[in-house]
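Descriptive structure summary
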Amino acid sequence: MKAKIYFLTLFLIALAFSGCESDKTDLSQPFVVGFANLSHDITRMHGQAEIKMKLSEPATSNGSVIIKVTPTNAQYTVDFETIPSSESGTFEVPFLAGQTEISFTYENKIEQPYVEDDKLKSVRFSIIQINYDSQVSIQGYTSTLVGFGISLGATLEPEIGGPNQGNQVFIDLSTELVTTSVRDKWDLGFYSDGLSRVVINGSLYMAAKQLDATNIDAVTAATVQQYQSQVAVGTFEASNVNYVDAPNGDIGKTAISEISANDNDNKVYLLNLGYSIGTDVPPVGSVAVAGSSRGWKKIRILKSGDNYVLQYADLNSTMHTEVTIPRSPDYNFTFFSFNTQNVVTIEPEKAKWDLNFTVFTNEIVGSGSYGYSDFVLNNLKAGVKVYRVNTSVKSFENFALTDINDANFTADQRIIGAEWRDVFTGTAYTDRYYILKDIDGNYYKIKMMAFVNQGGVRGYPKFQYKLVQ
Amino acid sequence: MNFNIKYFLFTAFTGICTQAQQDTIPKANRLDEVVITGQFNPQSVKKSVFQVNVITRADIDRQAGNNLADLLNQSLNITVKPSPNGKSGVSMFGLDAEYFKILVDNIPVISDEGLGNNIDLTQMNLDDVQQIEIVEGSMGVEYGANAVSGIINIITKKSSIHKWEITPSIQEESVGGEYNMNDMGRHIQSLKIGHNFNSKFYANAMVTTNDFKGFFNNRKGEKYSENDSLRGYEWRPKNQLTAKSLLSYSLKNHRIFYKFEYFTEDVYNYNVTVTPNDQAATATSFPTANDITYKTKRFFHNLNASGRFADALNYDISLSYQEQKRDAEDNIYDIRRDENIKTERYRYESRKGVYSKGNFSNFLKNETIDFLVGYEVSDISGYASVLATGDNLLRRSENTDNKLGSYDVFAATEINISNKFSLRPGARALFSSMFDTQAAVSLSARYDLGRGYELRAVVGTAPKLPSYDELYTYLKDVNHDVQGNLNLKPEQGKSIFLHLNKTFIAENKMQFRTKFTAFYMDVANRIELVIVNSTPLQLQFNNVDIYRTFGTSITSSMDYDNLTISGGFTFSGVSKVIDATAADANDDYLYGVQLNSNVSYRIPKWKTVFSAFLKYNGPEYQFVTLSDNTIVKGKQNDFTFFDATIRKTFAKDRFEVTAGARNLFNVIAVNTTASGAGTHTAASTNQLLGYGRSYFLKLLYHFNF
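On a predicted model such as this, the values are computed, not experimentally measured, just so you know.

So, how was this worked out
Residues numbered from 1 in each chain as written. Chains lettered and ligands numbered in written order. Predicted model: local features only at pLDDT ≥ 70, side-chain atom pairs only at ≥ 80, totals over all residues. Heavy atoms only, no water. Helix = DSSP H or I, 4+ residues; strand = E, 2+ residues; numbered from the N terminus. Buried < 20%, exposed > 50% of the residue type's maximum accessible area, 1.4 Å probe, protein only. Contact = heavy atoms within 4.5 Å. Areas by Shrake-Rupley, 256 points an atom, 1.4 Å probe, with all protein chains shown as cover. Pairing = 2+ DSSP bridges. Axes fitted to C-alpha atoms, helices over the stretch in contact; angles between N-to-C directions. Salt bridge = Lys/Arg side-chain N within 4 Å of Asp/Glu carboxyl O. Domains from an automatic or database assignment. Core = buried A, V, L, I, M, F, W, Y, C linked by side-chain atoms within 4.5 Å. Patch = residues over 30% accessible without salt bridge, like charges linked within 9 Å, V, L, I, M, F, W, Y side chains within 5 Å. Polar contact = N/O pair within 3.5 Å; in protein donor to acceptor, adjacent residues only side chain to side chain. Buried area = accessible area lost by both parts, 1.4 Å probe.

With that out of the way, let us pick up the overall build of chain A. The helix and strand inventory of chain A stands at two helices and 32 strands. For chain A, the C-alpha atoms occupy an extent of roughly 90 × 90 × 40 Å along the three principal directions. With 469 residues in all, chain A has 52% of them scored as buried. Considering only intrachain contacts with a sequence separation of at least 6, the fraction spanning at least 24 residues in chain A is 66%. By element, 48% of the accessible surface of chain A is carried by carbon and sulfur atoms, the whole surface being about 20,500 Å².

Okay, structure coming up:
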C-alpha cells in the first residue's frame, strides 16, 4: 500500500510539472453597424436610392442605429430628404433580430442639368449611436458621404464565377463601376493606340506561333502538326513564352509581331484557341478553369490604311474569311470573336477601368508560360499603375498621401497578379496591400481580403479600397 | 511429426497458460518460445526454418504498449513513420507500409487502404495479444502479395487457466510535457473479461478506449482564431474504441474459434488556416476554419478451425469477413461560436470483403518429409473518393470503385534430411481478377552445425500490387498532366537472408545467444511517377524503378540470473534508382546504421522489473531530384528513442503498476533534406517522429477466480 501511494505521488508530481492550460484567445467581439460604402455618387442617384448598412453579425434581438446628418451647402427638403425623416438633424433606423443588412432611403432633389453650385453640395451621414442589448462599438465605415466627388472607397466582390472563373471583371475604383464579361466571348484584341499590335485571349490560355508562310490557304494541318505540341500554355518549356503575349502587359511584345504596312512581312500564324471555360465542379479549394480544347485556327493579319484586316480559316481549309477591323480610339482594343465572326464589346472604355479580375497566362521564369487563376491586372495600357506596400512598413489604415512614392510604380500589369493569395491555405496574404494611381491622378489603397467564399470554394474574390487622402 | 503435434498441443493447452502465469514477472526463456508464423504447425523458434523474432506479452507489458506504434519504435530495422494524415506506418529496409503485411492470427487484417498492407499501426490494439512475431524478408509463398519487406503476425490469446478472469486497467500518459484531465494527454481505459465455461469452451471479451488529445507543441488548438499558422495541433487528436471478443471450443485434437473485433476511430484534422472573413464596413471578422473529421469503423470476423485427424492430416482453416471504412466529415467551423455552421459527410475510403485461407499438412506419417498445401482466396471491394490520394496534389477524375479477387494456391514441403539439416522449398501461384498471374517461390534451409551453432538460409519472393494512386490518378488541366496507369504490372520483391545463430549456456545460469544476419533484397519493376513526355510535360506511373538493399546485422542477448541484456546492430546499403530509364539515374548505394539495446533487471523480492529500451536510427540518405532536374543526396538526421520503465506487482501479483518515461531524449522531428520536391512543394525540412519526452502510469488489476 505504501508503494502504491508512493507511485501515485510520483505521478502527480510529474503531472504538476507537465500540466498547463492551453492558450485561449479572447474571442468576444462587439456588435457593430457600419455603412456598406464610404461614399455615394449623386449623379447616379435619380429620385430615391437606398443607403445600405451592414451588421457585423446577424442581430440576436431588435435594436436601432441613430444617424446624424451633416449637410454641406445642401438643404433638407430642397436638395434632399430621407426616409425616415432627418429634418431634426438625426434619425433612427431600426433593425430586427436575424437581420444582417439594413438601409434607409435617400431622396435626391438636385436635378440635372447640374449647375456649378450644385457640385459643392454634399451630405454626410454618421452613425452616432447603436442601441442593442450587448456590447456595441462604432467602428469601420462609420460615415458615408453623398456628393459629386469621386469614390472614397468600398468593399467589392467581383463576380468572376466561382471555381470555373468564367468571367472577366473590370472595375473602376473612382466610380465603383463594375463590368462583367464572359471570358470566351473574344479571341483577338486589335490595339487602338499608335502601334499595330494584336493580342490573343490569354484568359483562355491561347497561344500563337509565326509560320514561314504568307499564303494562308497553303497552310494545312499537316504542315503545322509538328508545332502543335509546343504551341500551348503550360508545356514547361522555357521558350514557349514566345507563343504568348508578354505577361507584363508590354504591348510591344505580343506573340503576334507588329503588323506591317507591307503585306509580305505579315506571316501566317498558327493559333491555338486554348480551352473552353471549365464546367467541372472541382474539389473545394481547387479550380477547374479549363474545359475542353477549343481547337486551332490559322490567321494572317494585314493593314488597310489605319484599319486591320484579319484573314482566318480552319487548319485544313483552302479558303479563308477576311474581315476589316477598325480601331476604337476610346478603348484599348477592338475585340473580335471567331464564334460570332464579328467585333464584340468586352472592356469598358479605357478611361473607365482600373482593375481586371481574370484567368491569365503568366510565366514561370525558366519553365515557360503557365496558366493562372485568380489573377488581378491593372490597366497598364491606359496608364494605371500599382505598387505593393508591406504592412511592416506602414499599416493600411495609416497610409496617407504623404507616404506615396511615385518612383515605386512600374510598367507591369501584374503587380497584384496572383501574389495576393496563398492557394495552399486558401487565404489572402494579410502582410501586404497595394497603391493604385488611376489616370486622373487619384491614389487608392487596395487591400485584398479573400479569394474563396465561406465554404472555401474558389473564385469568390473580395477586396476593399480607400481613397488615399 | 510427433514433434509438431506436441507443440500444437503445447500451445493450445499449456503454452499459453504458462505464458499467462508468467505474465507479471517474466523470466526469459526464449529458446522455448513457440512461433506460428510461417510454420506448418506451431513450433519452437529453434526448430523454425524461418528466423522469427518474437515480442512477448512480457515485452509488451514492460513497455506498456497499447498499440503497435507504441511498440515497434524499439524494433531493429523497423521505423515507425507518422504521416501528416494522422496515420503511422511501418518503414522497413526503407520500404513503406505498402510493402509490409500485418496479420492477426495468421490472416491479413483489413484497412481502408488495403488487405494486410498500409495498416495504421495506431489502430492495432494489443490488449488481447499473446505475442507478436516479426519475420523480415519476402514471404510471398506463405503470405501472398505485398509481403515484400516482411510481415508482423499478431497472435491473440485464446485460453486461460482461470474460471473467471476480470482485468480492468487504466493508463494515463502525458503527450510530451502536455497533460491534464481535460484536453491534454492520452487517456486509456480497458476492461477484459475471460471465462472458461467448461474444459472445452472458453470465451473472452474486452473493450478499450484510447483518447489521444493531440500534441500541441506550441500550436494553439481548434479554438484559436488568428491566421498565423498556430491553429490546430502538431499531432492530430484522435479517439479510439476497440471491442473484441473470442469464443473458443477445444477438443483433444481439434479447436475452433471465432474472433470478432469492432473498432472505431475519430481523427480530428483542425486546419491550420483560419479564414478571417473580414468585413470592412464594420471592421469585424468572422473567423472560420475548414476542418475535417475522419471517422473510421472496422469490423473483423474470423472463424478458424484447426486440428488433426487420426495421425494423418493436420488442417488449419480460416474464414473471415472484414470491413473498414473511413468517412470524412467536412466542417466549416465557426471558431468564435464554437459550432459547425456546415457539415458534409461522405465516404472517403473503404475496403471490405471475404477472405479464406487453409493449410493442410502431415499427409505422410513420415518424420523426414512433410507436405503442406494451401489456398488463400479473397474478394475485396475497395472504394476511394477522388480526394483520397496519397499526395494532396494528385487527383482522380472520379471516385474509384473497384473489386479485386485473389485466388492463390500454394504448396511447400519440409524435408528433414537429417536431424541437423532441414530444407523447405515452396511455391505459390497468385491468380487475380485484375493482374496477370503471379508466382512466388521460396527456399529455406536450416542446418544445425553443432556446438550451439545453427545456420539458416531463407530465399523468398513476393509480388507487390499497384496502389489505387498508381492505377487511377488522373490530374489533367492546362498546366498539368499526371496520370495513373491501368497497365501497371505488380512489382517483384525478392530477398535472401542468411542467419547464423549461436547459443551458449553456462551452468544453467547464463545464456548467451548471438545471431549474425546477412541479407540482400531487391524490388524490380518498382512503380514510380515518371516523365513520359517532356513537351508538353506529361507524367505517368510506370514500372521503371529498381530498388536494392543489402546489409548485415548482429543481435545478441544475454540472460544471467535476473539480468537480461540484448542489443542489435544493422548496417545496410540501399540503392534506389529513380527512373531507371533516365540517363542520369544514380544507383549508388547509400548506407545507414540502426542500433538497439534493451536491458532489464528483476528484483524478485520486490516483485519489480526495471527496464530500459534504446534505439538509435542513424542518418538516412536518399537521392532527391530538385526542380531543376539535378539529383542531390538528401539526408535525414539521426535520432534516438530511449524509454525507461518500472513494473511492480502487489497483492500476490494481482495488482500491477507500470510507470515510465518514453522518448527521454525528447525527439519530436528530425531535419531532413531527403524528401522529394514536388511540382509545387519545396522539400520538407522536418520529418515528424514523436511528441517528445512523455510519462505514463498504468494500473491493472487481475480479479481471477
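This brings us to the overall build of chain B. In terms of regular secondary structure, chain B is built from five helices and 40 strands. A total of 705 residues make up chain B; the buried ones form 58% of that total. Sequence separation of at least 24 residues holds for 64% of the intrachain contacts in chain B that already meet a minimum separation of 6. For chain B, the accessible area works out to roughly 27,200 Å², and carbon and sulfur atoms hold 56% of it.

All names here are of chain A. Spatially, β16-β17-β20-β21-β22 is the arrangement adopted by the five strands of the open sheet, whose pairing is antiparallel. Looking at the sheet topology across the chains shown, the edges are occupied by β16 (207-210) and β22 (321-325). On average, each strand axis in the sheet is tilted by 30° relative to the strand beside it, whichever way the strands run. Across five bridges, strand β17 (residues 268-272) lies against strand β20 (residues 296-304) in antiparallel orientation. Pairing of L270 across the sheet is with K298, part of β20.

This brings us to the pattern of salt bridges. Evaluated as defined, the whole model comprises 52 salt bridges over all chains. Residue E258 of chain A pairs with R197 of chain A through a salt bridge whose shortest N-O separation is 3.2 Å. Placement of the pair is E258 of chain A in the loop between α2 (221-224) and β17 and R197 of chain A in the loop between β14 (188-191) and β15 (198-200), with a sequence separation of 61 residues. When its relative accessible area of 32% is taken as the criterion, E258 of chain A is described as partly exposed. Among the salt bridges present, the one from K244 of chain B reaches D128 of chain B, with a minimum N-O distance of 2.7 Å.

With that settled, consider the domain arrangement of chain A. Annotation of chain A at the domain level lists domain 1 (1-35 + 39-148) and domain 2 (182-347). Here the C-alpha centre of domain 2 of chain A lies 49 Å away from the C-alpha centre of domain 1 of chain A.

What follows concerns the pairing of strand β32 (residues 458-467) of chain A. Moving residue by residue along a regular strand, the side chains alternate between the two faces of the sheet. Residue and element names in this part refer to chain A. Of all 10 residues making up β32, nine are buried, and the element is well covered by its neighbours. As paired elements, strand β11 (residues 153-156) and β32 share four bridges and run antiparallel to each other. What sits directly across from G153, in β32, is K466. Pairing between strand β31 (residues 443-452) and β32: seven bridges, direction antiparallel.

The next subject is the environment of E367 of chain B. All names here are of chain B. Within the secondary structure, E367 is located in the loop between β19 (339-361) and β20 (369-384). Residue classification places E367 among the exposed residues on the basis of a relative accessible area of 53%. For the pair E367 and T672, spaced 305 residues apart in sequence, the C-alpha separation works out to 55 Å.

Ranked by size, the top nonpolar core spans 62 residues in total, and within it V33, I67, F125, M448 and F463 of chain A carry the most contacts. For this core, the element with the highest residue contribution is β31 of chain A, accounting for six residues. Among the nonpolar cores identified, the runner-up in size contains 51 residues, and V90, F93, Y355 and A462 of chain B belong to it.

Right, let's talk about the sheet that holds strand β26 (residues 368-378) of chain A for a bit. All names here are of chain A. Read from one edge to the other, the open sheet built from four strands follows the order β13-β12-β25-β26, with strand pairing classed as antiparallel. Every interior strand has two partners, whereas the edge strands, β13 (177-182) and β26, have only one. For this sheet, the mean angle separating the axes of adjacent strands, direction not counted, is 35°. Looking at chain direction, strand β12 (residues 167-172) and strand β25 (residues 355-364) are connected through three bridges and run antiparallel. Note on β25: the bridge partner recorded for V169 is F357.

All names here are of chain B. On the surface, a nonpolar cluster with roughly 890 Å² of combined accessible area is contributed by Y447, L449, Y453, L455, L500, F516, I554, F569, F571, Y591 and L595. Listed by contribution, the elements that provide at least two residues to the nonpolar patch are β23 (438-450), β24 (453-464), β30 (563-577) and β31 (590-603). Along the chain, the position of Y447 falls in strand β23.

As a further point, take the side chain of R231 of chain B. Residue placement: R231 of chain B occurs in the loop between β14 (201-212) and β15 (238-250). Here the side chain of R231 of chain B touches D291 of chain B through a polar contact of 2.9 Å, side chain to side chain.

All names here are of chain B. Along its sequence, chain B is carved into domain 1 (160-362) and domain 2 (561-704). For domain 1 and domain 2, the distance between their C-alpha centroids amounts to 23 Å. Contact with domain 1, which involves 21 residues of that partner, is made by 19 residues of domain 2. At the boundary of domain 1 with domain 2, total buried surface from both sides reaches about 1,600 Å², with 53% on carbon and sulfur atoms. When the buried area of domain 1 at its contact with domain 2 is split by residue, I170, Q171 and W235 rank highest and sum to 25% of it. For the pair domain 1 and domain 2, the number of links is one salt bridge. Residue R662 pairs with E173 through a salt bridge whose shortest N-O separation is 2.7 Å.

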